[in-house]
Amino acid sequence: MTYLAPRQGLFAIILLVSFCLQTLLLVISTDQQLSKSRALKGEQMVAQLIDESRLSLENKDRVSLSVIANRYTSEQDVTRILIKDNNDDILVPVGNAPMQQGDTIRQIATNGDSVIGSVSLTLKDISKGEIIAMQWPFVIGTMLLHLLLWLIYGYLARPTKEQINALSRDVEDLYREQYRQVDQRSDYRENARENADGANGSNDKRSADNENDNTRNSSNKNEGRNLDDNQGAGEASNKTTNTRKIDVHNEVNAYLRAQQNQDATTEDTGLNADNVAEYRTDDQAANATQDDGRSSDNGTHKVNGSASQLSTAKLSATRAVDTVSVQIVFHDEFNMLERLAPSQRLPYLALCTQLLNQAITELLKQPLLMGVSAMNEPRFDESGACAVLKADNSHAKVALAGVMLGKLYLMLNKIIHDKHIELSRFALSAKAGVSDDAQADAMTQLLQSVGKKEQMLILLPNAGLKQISNHVQVHSIMRPTTVYERECAIFDGGNDSMIQRLADVRNAVLMIEETDE
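To keep things clear, this report deals only with the structure shown in the data block. (Residues numbered from 1 in each chain as written. Predicted model: local features only at pLDDT ≥ 70, side-chain atom pairs only at ≥ 80, totals over all residues. Heavy atoms only, no water.)

**Remarks on the nonpolar core**
Rule in force here: Side-chain atoms within 4.5 Å are what join buried Ala, Val, Leu, Ile, Met, Phe, Trp, Tyr and Cys residues into a set we call a nonpolar core. Under the scheme applied here, a residue whose accessible area is under 20% of the maximum for its type counts as buried, over 50% as exposed, and between as partly exposed, the area being computed with a 1.4 Å probe on protein chains only. In DSSP terms, a helix is any run of H or I states spanning at least four residues, a strand is any run of E spanning at least two, and both are numbered starting from the N terminus. By definition in these notes, contact holds between two residues if any of their heavy atoms fall within 4.5 Å.
The biggest cluster of nonpolar side chains holds 51 residues, and the ones touching the most others in it are F380 and L405. Among the elements that make up this core, the one with the highest residue count is helix α12 (residues 398-422) (13 residues). The contact partners of L405, leaving out residues within four places of it in the chain, are V326, L356, A359, I360, L363, A387 and L389. Counting 21 residues, the second largest nonpolar core, distinct from the first, contains V46, V78, V119 and L123.

Below you can see the structure in the form of structure tokens.
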């Protein structure tokens with residue numbers, strides 16, 4: 001395969017600029033030379049015209065002056081001749097192009113010491129096109145020379161096979177090194193996760209083994225324990241996997257059943273959360289029977305029942321909102337934060353932490369959010385930060401406080417990001433998610449899957465949505481694929497009063513930041 005020379009188009013542009021500059025310099029130099037020669041020629045013609053027309057000019061013989069002037073207008077460079085008497089009256093105007101611009105040479109005619117008149121001669125300007133037409137061999141030759149240089153460069157500057165192979169090896173080594181670092185990080189995380197799961201399974205099985213060891217023979221005690229540990233670890237991992245599958249399927253089934261029976265529930269108050277938990281317990285027992293191939297005992301039913309009640313609580317739209325989690329993560333598509341040096345990463349994370357804490361402090365001073373307090377002091381790391389707000393009384397609007405905090409930090413981060421980019425410093429955009437405490441894990445997954453830059457997701461029950469309905473506008477996610485995506489809403493804007501409050505709080509936080517600096 002034949003490759004083109006590097007930056008061949010740029011070299012062609014350079015050659016084109018060079019050709020234009022050479023042509024321009026040629027036109028300018030030729031114009032100056034012709035102007036000088038025409039000026040000398042014009043002065044000679046005026047002096048000769050005065051000598052020939054001195055007698056006629058004294059007698060003011062217009063016919064003789066016209067005959068004499070017409071001989072000079074036959075010259076190609078002369079456009080007009082104007083002869084005047086000593087009173088500055090026009091005697092003879094001669095010329096076939098009086099409106100044409102050009103250089104005018106004027107000289108006074110004298111006879112001894114007395115002034116008998118004046119003669120003005122106008123020379124035609126030389127057109128740039130005429131100059132190029134006069135110098136066409138030079139222009140064509142220069143064009144062919146530049147074209148030849150471009151073709152020679154395209155042939156000689158092509159990369160050789162050795163250069164192409166060396167470049168391919170360098171690119172391959174670079175990608176291999178990047179993938180090796182990514183694989184090492186992923187292997188480290190998987191090993192840590194497997195060790196944690198194995199340790200949990202071993203501890204659970206070891207407690208059961210201690211009860212069985214009392215009836216075993218002392219000679220086979222060590223061998224039996226090792227065998228049971230290996231089997232216990234495998235069973236623990238299988239139970240963990242099966243339990244996760246059962247919880248996910250039963251969670252979705254219970255939610256769909258609750259949505260289908262919502263109308264019947266409003267009419268018949270006898271169907272309460274205990275009945276739903278019993279239905280889910282039966283479904284989980286049936287699924288556990290199909291997956292494990294054995295029946296479940298009473299203890300298993302109790303565990304599944306508690307898990308089903310927890311899942312129902314997570315998906316229930318009628319629960320109260322006492323605490324709200326505001327999760328803020330960086331929009332880092334290329335993992336730039338992990339590759340950043342600690343000397344730059346740690347100050348940037350400290351700045352984000354300081355902004356968030358000051359935003360919480362200033363926002364909770366608003367009279368609208370009276371009764372809302374912060375449960376933690378969030379700190380930023382590579383995965384972001386999470387602020388938890390709680391309601392101290394039943395009238396506190398904790399859901400509205402969470403939404404306002406998320407929007408406030410996005411406004412602050414936008415200003416800081418633009419300023420850092422203007423100063424050629426590292427900065428990342430952010431995205432936020434607001435949810436109650438029961439759906440914090442689901443919001444973390446939503447931020448990773450559907451969250452976009454400078455966007456805020458809201459996952460709240462009906463009580464929380466009622467708190468924010470009079471202050472903000474939201475819209476649903478297009479084409480949801482999960483239950484949580486269908487229940488999630490995207491912040492679309494707020495009313496004037498809320499935006500003005502956020503702007504005031506933003507300005508207060510930035511003024512504090514400037515004072516600290």
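**Overview of the pattern of salt bridges**
Note the threshold: We count a salt bridge whenever a side-chain nitrogen from Lys or Arg sits within 4 Å of a carboxyl oxygen from Asp or Glu.
Taken as a whole and assessed by the stated rule, the structure comprises 8 salt bridges. Measuring nitrogen to oxygen at the nearest pair gives 3.4 Å for the salt bridge that ties D51 to R54. Taken together, the positions of D51 and R54, both in helix α1 (residues 8-59) and 3 residues apart, correspond to about one turn of that helix. A residue is classified by how much of its surface remains accessible, and D51, at 52% relative accessible area, is exposed. Residue D85 is joined to K60 by a salt bridge in which the shortest nitrogen-to-oxygen separation is 3.6 Å. Note that D85 is positioned in strand β1 (residues 78-85) and K60 in the loop between α1 and α2 (62-73), a separation of 25 residues in sequence. Of the residues examined, D85 reaches a relative accessible area of 6% and is grouped as buried. Judged by its relative accessible area of 40%, K60 is partly exposed.

**Details of the sheet that holds strand β8 (residues 429-436)**
Note the following rule: A pair of strands counts as paired when DSSP detects no fewer than two bridges linking them. Each axis is a line fitted through C-alpha atoms, taken for helices only over the stretch in contact, and angles between the N-to-C directions span 0 to 180 degrees.
In space, the 7 strands of this open sheet follow the order β6-β7-β5-β8-β9-β11-β10, with mixed pairing throughout. Both outer strands of the open sheet, β6 (372-374) and β10 (472-476), are each paired with one neighbouring strand and no more. For this sheet, the mean angle separating the axes of adjacent strands, direction not counted, is 30 degrees. When strand β5 (residues 323-331) meets strand β7 (residues 385-391), the two strands line up antiparallel, connected through 6 bridges. Of the residues in β7, the one forming a bridge with T323 is K390.

**Remarks on the sheet that holds strand β4 (residues 114-124)**
Across the sheet, 4 strands lie side by side as β2-β1-β4-β3; this open sheet has antiparallel pairing. At either margin of the open sheet sits one strand with a lone partner, and together these are β2 (90-94) and β3 (102-111). Direction aside, neighbouring strands of the sheet carry axes that sit 15 degrees apart on average. The pairing of β1 with β2 spans 4 bridges and is classified as antiparallel. Residue pairing across strands places I81 opposite V94, the latter belonging to β2. Lying on the sheet, α2 is in contact with β1 and β2; it crosses β2 at an angle near 30 degrees.

**Focus: the pairing of strand β9 (residues 456-459)**
As a reminder of what qualifies: Crossovers are marked right-handed if the path from the first strand over the helix to the second runs clockwise, as seen with the strands pointing away from the viewer.
Residues M456 and I458 line one face of β9 and the alternating positions L457 and L459 line the opposite face, and both faces are buried. Judged from the 4 bridges that link them, β8 and β9 form a sheet pairing that is parallel. Each bridged residue has a counterpart across the sheet, and for V434 the counterpart in β9 is I458. One crossover worth recording links β8 to the parallel β9 by way of helix α13 (residues 440-449), and it is left-handed. In the sheet, β9 pairs with strand β11 (residues 489-494) via 2 bridges, with the strands oriented antiparallel. What sits directly across from L457, in β11, is I490.

**Overview of the packing of aromatic side chains**
What counts here: When two rings of Phe, Tyr or Trp (its six-membered ring) have centres within 6.5 Å they constitute a pair, described as stacked for plane angles under 30 degrees, edge-to-face for angles over 60, and tilted for the intermediate range.
Here the structure, examined in full by the defined rule, presents 5 aromatic pairs. Look at F330 and F380: their rings are 5.4 Å apart centre to centre, the planes differ by 40 degrees, and that puts the pair in the tilted class. Of this pair, F330 sits in strand β5 while F380 is found in the loop between β6 and β7, placing the two residues 50 residues apart along the sequence. Assigned by exposure class, F330 and F380 land together as buried. One aromatic cluster in this structure is built from F330, Y348, F380, Y409 and F426.

**Re the side chain of H420**
Relative to the helices and strands, H420 is located in helix α12. H420 has contacts with L351, R425, F426 and A427, leaving out every residue within four places of it along the chain.

**Notes on a nonpolar patch on the surface**
Stated precisely, the cut-off is as follows: To count toward a patch, a residue needs a relative accessible area over 30% and no salt bridge; like charges are then connected within 9 Å, while nonpolar side chains (Val, Leu, Ile, Met, Phe, Trp, Tyr) are connected within 5 Å. Per-residue and other accessible areas follow the Shrake-Rupley method at a 1.4 Å probe size, with only the shown protein chains counted as cover for residues.
A cluster of nonpolar residues, L10, I13, I14, V17, L21, L24 and I28, forms a patch on the protein surface that exposes about 640 Å² of accessible area. Exposure remark for I28: the relative accessible area of 40% places this residue in the partly exposed category.

**Focus on the packing of helix α11 (residues 342-363) against α12**
Any two packed helices are characterised by how steeply their axes cross, that is the angle between the axes, and by the distance between the axes. As a reminder of what qualifies: Here is the rule for angles: anything less than 35 degrees is roughly parallel, anything more than 145 is roughly antiparallel, 65 through 115 is roughly perpendicular, and the remaining ranges are oblique. Handedness of a helix crossing follows the sense of rotation of the near helix relative to the far helix, less than a right angle counterclockwise being left-handed and clockwise being right-handed. Three classes are used: nonpolar for Ala, Val, Leu, Ile, Met, Phe, Trp, Tyr, Cys and Pro, charged for Asp, Glu, Lys and Arg, and polar for all others, with Gly counted as polar.
For the pair α11 and α12, interaxial distance at closest approach is 10 Å and the crossing angle is 140 degrees. Taken together, α11 and α12 sit at an angle that is classed as oblique. As α11 packs across α12, the resulting crossing turns out to be right-handed. Note on element contacts: α12 touches α11 through A401, M404, L405, L408, Y409, L412, N413, I416 and H420, opposite Y348, L351, C352, L355, L356, A359, I360 and L363. Split into classes, the residues belonging to the contact of α11 with α12 amount to 15 nonpolar, 2 polar and no charged.

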